[in-house]
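Given next are the chains, with one letter for each unit.
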Amino acid sequence: MKPGAQLVVVANRLPVKQIPDPDNAADFVWGVSPGGLVAALTPSLASYDDVAWVGWTGHIGVEMTERFRHDNMELIPVALTEDEKELHYDGMSNGTFWPLYHDKVRAPEFHRTWWDGYKLINRRFAEAVADAAAPNARVWIHDYQLQLVAGLLRETRPDLRVGFFLHIPFPPPELFNQLPWRTEITSALLDNDVVGFQTPDDAENFSRLAVGLGLASSEGKWALSADGRSIEVRAFPIGIDEETVAYKAKQHGVTTGASDLRAQLGNPRVVMLGVDRLDYTKGIDVRLRAFGELLAEGKLSSHDATMIQVAEPSRDKVNAYVDLRERVERLVGAINGAHGRLGFPVVHYLHQSRPFEDLLALYRAADVMLVTPFRDGMNLVAKEYVASRPDESGVLVLSEFAGAATELTDAVIVNPYDLNGLKAAIMSAVNMDPAEGRHRMRALQATVRHNDAVTWARSFLAALDAT
Ligand code: GDG
């Protein structure tokens, strides 16, 4: 038997993905996988030895199946066919769980074929984990694509300590209970030793659900009991690698990048910024509408305000994302058509994935950062913006429905469903007294520094060790 790893991390994606080699179309190179999970988890694992990471390569084509080493970790690819990806990832994960867990901002679809595909792929991941883990190892399962893995591992590898962390919100039982497979999902989550969420509200929603379905009983505020076992259920708010972000944001290339950018924009008085995966949960459309109305009402003018929106391509095979893209691009076109000047569009829209250094230059160039999701597990962009403001300037406008709002209480907090409220919040950010802005930014920076990615990973794994 192979010795196996002491810590096995399992997530839908590996931290790196295959991308076509620009010099040789028949070959591939490794790039960083997109999204917040990889951004937070990769730096937080750097100090652990003997880690294996089980995940999909994110690519169908030049499929990699052999395990390999990367950044001091053993990476174990799980292969998916196109059909399997459609059922498990595009279907059940992003067509059912994603909208259901984000307050049904789009209607979730329930299809038995998707559910069968989901079970099949969760079993495949569980088998890869069982094969990779040393006796009594720790296993850390991530996110909504893999909610059944703990249940499967309890059957085959009862020696393992298993924890699950959900990166997205967990809905109230009143919504979750619509899921035809609610009992299977809840029972499998209860097979973990620790179930972690982004906020205390998410943890309470899960506990209320498990007790309500009669699958567990309460053992105090943050613990449940099921089948004679105790399960810790509580919040572990995720953080960023604050030190690295703050350090990189101060480098010469980033600083000059930011001032060049402002000059290219014609040195407007106010630069506003949004950075998101192009996702209907993120409220990109609502912030564009707010900006457009403020221009139309003359409260902002194209001579002194510019908005930049980076919308990283995401899930472009799913219909709701295709619709959102069209809607956002129509809005951008309408606002530029009405308010832009020759050579000076008022909204700069990039439907592209940019290198992280470019994002840092944008964060440094932006006076106002707009983070307006209708619902978000945490939102790391809000934390990255705060960490990349060495002179303590800049104002963060943050939706009350992002997990980050639980911690970042010194931001300008908004309800993204209230368009007038959002417009007022944008104006208060634009006109904020610099002393108040610095005071708020200092408080935000202290919070982001205090609870960084390493602290998050350590506290989760310490909870797992203590079970
Ligand atoms: C999920 C949850 C939770 C964005 N555009 C580019 C780019 N990004 C990076 C950002 C940031 C990450 O992607 C996005 O993280 P978020 O947290 O904002 O959002 P999700 O991807 O939805 O993440 C979320 C998170 O998991 C962690 O638990 O906070 O609630 O939904 O790091 O910088 N990176 C690069 N180019 C881009 O164009 N390089």
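Conventions we followed
Residues numbered from 1 in each chain as written. Predicted model: local features only at pLDDT ≥ 70, side-chain atom pairs only at ≥ 80, totals over all residues. Heavy atoms only, no water. Phe/Tyr/Trp six-rings, centres within 6.5 Å; stacked < 30°, edge-to-face > 60°. Helix = DSSP H or I, 4+ residues; strand = E, 2+ residues; numbered from the N terminus. Buried < 20%, exposed > 50% of the residue type's maximum accessible area, 1.4 Å probe, protein only. Lys NZ or Arg CZ within 6 Å of the ring centre and 35° of its normal. Pairing = 2+ DSSP bridges. Contact = heavy atoms within 4.5 Å. Axes fitted to C-alpha atoms, helices over the stretch in contact; angles between N-to-C directions. Domains from an automatic or database assignment. Buried area = accessible area lost by both parts, 1.4 Å probe. Salt bridge = Lys/Arg side-chain N within 4 Å of Asp/Glu carboxyl O. Polar contact = N/O pair within 3.5 Å; in protein donor to acceptor, adjacent residues only side chain to side chain. Nonpolar A, V, L, I, M, F, W, Y, C, P; charged D, E, K, R; others polar. Parallel < 35°, antiparallel > 145°, perpendicular 65-115°, else oblique. Left-handed = near helix turned anticlockwise from the far one by under 90°.

*Asks:* How would you summarise the packing of aromatic side chains if you had to cite specific residues and measurements?
*Replies:* Per the stated rule, a full pass over the model turns up 21 aromatic pairs. The interplanar angle of 65 degrees and the centroid separation of 5.5 Å between the aromatic rings of Phe 97 and Tyr 101 together place this pair among those described as edge-to-face. With Phe 97 and Tyr 101 both in helix α2 (residues 82-101), this residue pair falls four residues apart, about one helical turn. When its relative accessible area of 0% is taken as the criterion, Phe 97 is described as buried. Owing to a relative accessible area of 0%, Tyr 101 belongs among the buried residues under this scheme. Through a chain of ring-to-ring contacts, three or more aromatic side chains come together here, namely Phe 97, Tyr 101, Trp 115, Tyr 118, Phe 170, Phe 176, Trp 181, Phe 197 and Phe 206. Over the aromatic face of Trp 98 sits the side chain of Arg 315, whose NZ or CZ is 4.1 Å from the ring centroid.

*Asks:* Account for the pairing of strand β9 (residues 194-197), with residues named and values stated.
*Replies:* Of the two faces of β9, the one carrying Val 194 and Gly 196 and the one carrying Val 195 and Phe 197 are both buried. Bridge analysis of β9 against strand β12 (residues 229-235) gives four bridges, and the strand direction is parallel. Paired with Val 195 across the two strands is Val 233, which belongs to β12.

*Asks:* I'd like a rundown of the sheet that holds strand β1 (residues 5-13), residues and numbers included.
*Replies:* Here ten strands make up an open sheet; going across it, the order is β5-β6-β4-β1-β7-β8-β9-β12-β11-β10 and the pairing mixed. Edge positions in the sheet fall to β5 (68-70) and β10 (217-218), since each has one partner strand and no second. Those strands touched by helix α3 (residues 112-132) are β1, β4 (51-56), β6 (73-78) and β7 (133-142), and its axis lies near 160 degrees from that of β1.

*Asks:* Got a sec to walk through the sheet that holds strand β17 (residues 395-399)? Specific residues and values, please.
*Replies:* Consider a sheet: its strands pair through backbone hydrogen bonds, and that pairing is either parallel or antiparallel. Read across the sheet, six strands follow the order β15-β14-β13-β16-β17-β18 without closing on themselves; strand pairing throughout is parallel. The two strands at the open ends of the sheet, each matched to only one other strand, are β15 (347-350) and β18 (412-414). Direction aside, neighbouring strands of the sheet carry axes that sit 20 degrees apart on average. Two elements, strand β13 (residues 270-277) and strand β14 (residues 305-312), share eight bridges in a ladder whose sense is parallel. Bridged to Arg 277 within β14 is Glu 312.

*Asks:* Quick one: what's the story with the environment of Gly 274, residue by residue and with numbers?
*Replies:* Relative to the helices and strands, Gly 274 resides in strand β13. Its relative accessible area of 0% is what places Gly 274 among the buried residues. Between the C-alpha atom of Gly 274 and that of Leu 146, which follows or precedes it by 128 residues, the distance is 30 Å. Filtering out sequence-adjacent residues up to four positions away, Gly 274 remains in contact with Arg 287, Ile 308, Gln 309, Val 310, Met 369 and Leu 370.

*Asks:* So what's going on with unusual backbone geometry? Which residues, and what values?
*Replies:* Non-glycine residue Asp 71 carries a positive phi angle of around 50 degrees. You will see that Asp 103, though not glycine, has its phi angle at about 55 degrees, which is positive. Within the element layout of this structure, Asp 103 appears in the loop between α2 and α3. Among the residues examined, Asp 103 registers a relative accessible area of 28% and is labelled partly exposed.

*Asks:* Hey, could you go over the domain arrangement of the chain for me, with residue numbers and the actual values?
*Replies:* Partitioning the chain into structural domains gives domain 1 (5-238 + 454-465) and domain 2 (242-450). With 26 residues of domain 1 at the contact, the number on the domain 2 side is 23 residues. Each partner contributes to the roughly 1800 Å² buried at the junction of domain 1 and domain 2, and carbon and sulfur atoms together form 62% of this total. Taken together, domain 1 and domain 2 are joined by one salt bridge. Connecting domain 1 to domain 2 are six residue pairs in polar contact (both at pLDDT 80 or more). Going through the elements one at a time, α1 (36-45) and α2 are the ones with two or more residues in the side of domain 1 that touches domain 2. Looking at which element gives the most residues to the side of domain 1 that touches domain 2, the answer is α2, with seven residues. Taken together, the residues of the side of domain 1 that touches domain 2 sort by class into 14 nonpolar, eight polar and four charged.

*Asks:* So what's going on with the packing of α3 against helix α4 (residues 149-156)? Residues and values would help.
*Replies:* Where α3 contacts α4, the axes come no closer than 9 Å and their chain directions differ by 50 degrees. Relative to α4, the element α3 is oriented oblique. Where α3 crosses over α4, the handedness of that crossing is right-handed. Counted together, Asn 122, Arg 123, Phe 125, Ala 126, Val 129 and Ala 130 of α3 and Val 149, Leu 152, Leu 153 and Thr 156 of α4 form the full contact between these two elements. Residue classes in the contact of α3 with α4 are distributed as seven nonpolar, two polar and one charged.

*Asks:* With reference to specific residues and values, describe the environment of Ala 404.
*Replies:* Its location among the elements puts Ala 404 in helix α14 (residues 404-407). With a relative accessible area of 0%, Ala 404 lands in the buried category. In this structure Ala 404 touches Met 378, Asn 379 and Leu 398, once residues within four positions along its chain are discounted.

*Asks:* Describe the side chain of Asp 279, naming the residues involved and giving the relevant values.
*Replies:* Turning to its location among the elements, Asp 279 is positioned in the loop between β13 and α10 (284-296). By relative accessible area, Asp 279 is classed as buried at 0%. A polar contact of 3.3 Å, which involves the side chain of Asp 279, links it to the side chain of Trp 98. If we ignore the near neighbours within four places in the chain, the residues touching Asp 279 are Trp 98, Ile 284, Arg 315, Tyr 321 and Leu 324.

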